[in-house]
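Close look at the chain arrangement
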Amino acid sequence: MLQYKRSSELFHQAQQVLPGGVNSPVRAFNAVGGNPVFVEYAKGAYLYDADGNKLIDYIASWGPLLFGHAYAPVIEAVTERAKRGTSFGMPTEVETEIAQKALSMVPHVEKIRFVNSGTEACMSAIRLARGYTQREKIIKFAGCYHGHSDSFLIAAGSGATTFGVPNSPGVTQGTAKDTLLATYNDIDSVKQLFAAHPKQIAALIIEPIAGNMGCVLPKEGFLEALRTLCDQEGTLLILDEVMTGFRLAKGGAQEALGIRADIVTFGKVIGGGLPVAAFAARNEIMDHLAPLGAVYQAGTLSGNPLAMSAGLAMLTEIEKRSDVFESLGKKTAYLHEGLDRVLTQAGIPHQINRFGSMCSVFFTEEPVTDFASAQRADHQRFKKYFHAMLSRGIYLPPSGYESYFLNDALSYADLDTTIQALADALEKREI
């Protein structure tokens, strides 16, 4: 079994100077217990931690690293760009180049604005939608995460038609009243909200493939029904593709699922591992954004050349290696089938949700189709599963509410090692 003495020491030091010892909460292992693993470096499909352990990685920095860690074309682009300066607060040609590349790959969008995080992209998309429609309310779905902006940190009330209530201290009741909560995969819950607030809803925002309650897929016809409702109500449909953009297909979920968005948000893959995000729409909407229009959004480091160079290199490689989506899909299906076979043979109740290179294991007998069913899964068993796999050199998302993200550097031998690790843990009754 692997040892984590140095990681534990580093975590103790970090707790003295960082809240909870981390700069993003899921890293703290609160959902699974124990101390987080500190990484020294990574290459391809593998992480190498502070104790010298080699781990097979199934989070890929939570999605950006489609081709694996330290991917040469991205590293070379960043290295060469850094020699000429990292940030100027002035326009650079590479911003136009990556914009042209992204817009050529994604359907239904004509202009794009680059920012630094998925939170910033979703926050800005909501502001743009409100400015464009001259309405204030938005609909979001319980279990979908769109960053930590106040408008999104809202929990469901007593029913689908109630106003939201703050889900985090620091979020005001005034902000919460303009966020309406619907149930993922329940079109009636959305219809009720539109009926209760006619012509008041600026935007409906959704993860087309949810990844923040675990991987949860839309039911057949659900996204299409949302599109129809939004058209009828004059409401903008925002697809949060921070996870799915450039991961499920070149054109993201819009291409993979055949759905048309009014505004799309991106992150993760579009930055190639550096902090890059973006939001995009047709000209009619984007031209309301400053400096063309009155909707204000700005950022000193937005479009900085270091990050833009990494993102451009990543998108260029995706075009060159367009078979990556088929390759990743096959590898994810292979892992799915292997894990399912082992769990079924052991008599462990489970559901595995998968789309493209995203998947999740839920320990439950019922299908997981929304946040409530994800919550009913056996998360105590998930903790045992996580640590049993970690002790065998497999790094999974440290929460039952997070999706796996496979990278194409994973070999079938890595997948077999992972499947065998689960079989060994079950044989030893660790799960």
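What counts, and where the lines are drawn
Residues numbered from 1 in each chain as written. Predicted model: local features only at pLDDT ≥ 70, side-chain atom pairs only at ≥ 80, totals over all residues. Heavy atoms only, no water. UniProt positions renumbered as here; feature names shortened; annotations may be inferred. Helix = DSSP H or I, 4+ residues; strand = E, 2+ residues; numbered from the N terminus. Buried < 20%, exposed > 50% of the residue type's maximum accessible area, 1.4 Å probe, protein only. Axes fitted to C-alpha atoms, helices over the stretch in contact; angles between N-to-C directions. Parallel < 35°, antiparallel > 145°, perpendicular 65-115°, else oblique. Left-handed = near helix turned anticlockwise from the far one by under 90°. Contact = heavy atoms within 4.5 Å. Nonpolar A, V, L, I, M, F, W, Y, C, P; charged D, E, K, R; others polar. Expected span 1.5 Å × (residues − 1). Arc of directions from axis to C-beta. Pairing = 2+ DSSP bridges. 1 Å grid on protein atoms, 1.4 Å probe; cavity = no way out; pocket = protein on both sides within 12 Å on 5 of 7 lines; lining within 4 Å. Points joined across faces, edges and corners; volume = space filled by probe spheres on them. Core = buried A, V, L, I, M, F, W, Y, C linked by side-chain atoms within 4.5 Å. Polar contact = N/O pair within 3.5 Å; in protein donor to acceptor, adjacent residues only side chain to side chain. Salt bridge = Lys/Arg side-chain N within 4 Å of Asp/Glu carboxyl O.

In the nomenclature of an unreviewed UniProt entry, the protein corresponds to Glutamate-1-semialdehyde 2,1-aminomutase from the organism Capnocytophaga gingivalis. Turning to the protein, the UniProt annotation filed under Cofactor (unreviewed entry) states: "pyridoxal 5'-phosphate". Turning to the protein, the UniProt record has this under Subunit (unreviewed entry): "Homodimer."

Focus: unusual backbone geometry
Cis geometry marks the peptide bond from Ala-290 to Pro-291; its omega dihedral reads 10°. Note on placement: Pro-291 falls in the loop between α9 (283–286) and α10 (305–320). Notably, Ser-61 is not glycine yet its phi reads approximately 60°, a positive angle. Accessibility expressed as a relative area gives 37% for Ser-61, which makes it partly exposed.

Concerning the packing of helix α11 (residues 324–345) against helix α14 (residues 412–427)
Two numbers describe how α11 lies on α14: the axes approach to 10 Å, and their chain directions differ by 15°. In terms of orientation, α11 lies roughly parallel with respect to α14. Here the hand of the crossing between α11 and α14 comes out right-handed. Note on element contacts: α14 touches α11 through Tyr-412, Leu-415, Asp-416, Thr-418, Ile-419, Leu-422, Ala-423 and Leu-426, opposite Lys-330, Lys-331, Tyr-334, Leu-335, Gly-338, Leu-339, Arg-341, Val-342 and Leu-343. Looking at side-chain class alone, the contact of α11 with α14 contains 11 nonpolar, two polar and four charged residues.

As for helix α3 (residues 93–105)
Taking 1.5 Å per residue as the helical rise, α3 with its 13 residues ought to reach 18 Å, and the 19 Å between its terminal C-alpha atoms agrees with that figure. Burial in α3 covers these residues: Val-94, Ile-98, Ala-99, Lys-101, Ala-102 and Met-105. For α3, the buried positions fall inside an angular range of 165° around the axis, keeping them on one side. Of the residues in α3, the exposed ones pointing more than 90 degrees away from the buried face are Glu-93, Gln-100 and Ser-104. Close packing links the buried residues of α3 with β4 (111–115), α8 (252–257) and α10.

Examining the sheet that holds strand β14 (residues 358–362)
Strand order across the open sheet formed by three strands is β13-β14-β16, with antiparallel pairing between neighbours. Strand pairing shows two members of the sheet lacking a second neighbour, β13 (351–355) and β16 (404–405), which therefore form its edges. Across the sheet, α11 is in contact with β13, β14 and β16; its angle to β13 comes to roughly 175°.

Structural notes on the layout of surface pockets
Space left empty within the atom packing is revealed by a probe, the size of a water molecule, rolled over the atoms. Looking at the second largest pocket, its volume works out to about 420 Å³. Among the elements of the structure, α3 and β4 are those that each provide at least two residues to the lining of the second largest pocket. Residues belonging to the lining of the second largest pocket are distributed by class as follows: eight nonpolar, 10 polar and two charged.

With respect to the nonpolar core
Residues Phe-141, Leu-204, Ile-206, Phe-246, Ile-318 and Tyr-385 are the most contacted members of the largest nonpolar core, which totals 112 residues. Here the element with the most residues in this core is α10; it accounts for nine residues. Apart from the residues within four sequence positions on either side, Phe-141 is in contact with Leu-181, Ala-182, Thr-183, Tyr-184, Val-190, Leu-204, Ile-205, Ile-206, Phe-222 and Leu-226. Counting residues in each nonpolar core, the second largest holds 22 residues, with Ala-129, Ala-203, Leu-236 and Leu-289 among its members.

Some words on the pairing of strand β1 (residues 39–43)
Of the strand pairs in this sheet, β1 and strand β2 (residues 46–49) are connected by four bridges, and their pairing is antiparallel. From the neighbouring strand, Ala-42 faces β2, where its bridge partner is Leu-47. Between β1 and β2, which pair antiparallel one after the other, the connecting turn spans two residues, and Gly-44 there sits at a positive phi close to 60°.

So, the pairing of β2
With burial as the criterion, each face of β2 is covered, one bearing Tyr-46 and Tyr-48 and the other bearing Leu-47 and Asp-49. Across three bridges, the pairing between β2 and strand β3 (residues 54–57) is antiparallel. If you follow Leu-47 over to β3, its bridge partner there is Leu-55. Where β2 folds back on β3, the antiparallel hairpin that results is connected by four residues, among which Gly-52 adopts a positive phi of roughly 85°.

Digging into the side chain of Asn-304
Relative to the elements of secondary structure, Asn-304 occurs in the loop between α9 and α10. A relative accessible area of 13% means that Asn-304 is categorised as buried. One polar contact links the side chain of Asn-304 to the main-chain amide nitrogen of Ala-307, over a distance of 3.0 Å. Ignoring anything within four residues of it in the chain, the contact list for Asn-304 reads Thr-86, Ser-87 and Asn-116.

Things to note about the UniProt feature "modified residue: N6-(pyridoxal phosphate)lysine" (unreviewed entry) in the protein
Summarizing the sequence annotation, UniProt attributes the feature "modified residue: N6-(pyridoxal phosphate)lysine" (unreviewed entry) to Lys-268 in the numbering used throughout. Note on placement: Lys-268 falls in the loop between β11 (263–266) and β12 (277–281). In contact with Lys-268, other than residues within four places in its own chain, are Trp-62, Gly-63, Pro-64, Val-242, Met-243, Gly-273 and Val-276. Polar contacts involving the side chain of Lys-268 include one to the main-chain carbonyl oxygen of Trp-62, which spans 3.4 Å.

What about the pattern of salt bridges?
Applying the stated rule across the entire model yields 21 salt bridges. With its nearest N and O atoms 3.8 Å apart, the salt bridge here joins Lys-320 to Glu-317. A residue pair is termed a helical-turn pair when its members lie 3 or 4 positions apart in one helix, as Lys-320 and Glu-317 do in helix α10 at three residues. What makes Glu-317 buried here is its relative accessible area of 10%. Of the charged contacts, one joins Arg-392 and Asp-424 as a salt bridge, the two residues approaching to 2.8 Å between their closest N and O atoms. Of the two residues, Arg-392 is situated in the loop between α13 (379–390) and β15 (394–395) and Asp-424 in helix α14; the sequence distance between them amounts to 32 residues. When salt bridges that share partners are traced, they join Arg-227, Asp-231, Arg-260, Asp-262, Arg-282 and Glu-284 into one network.

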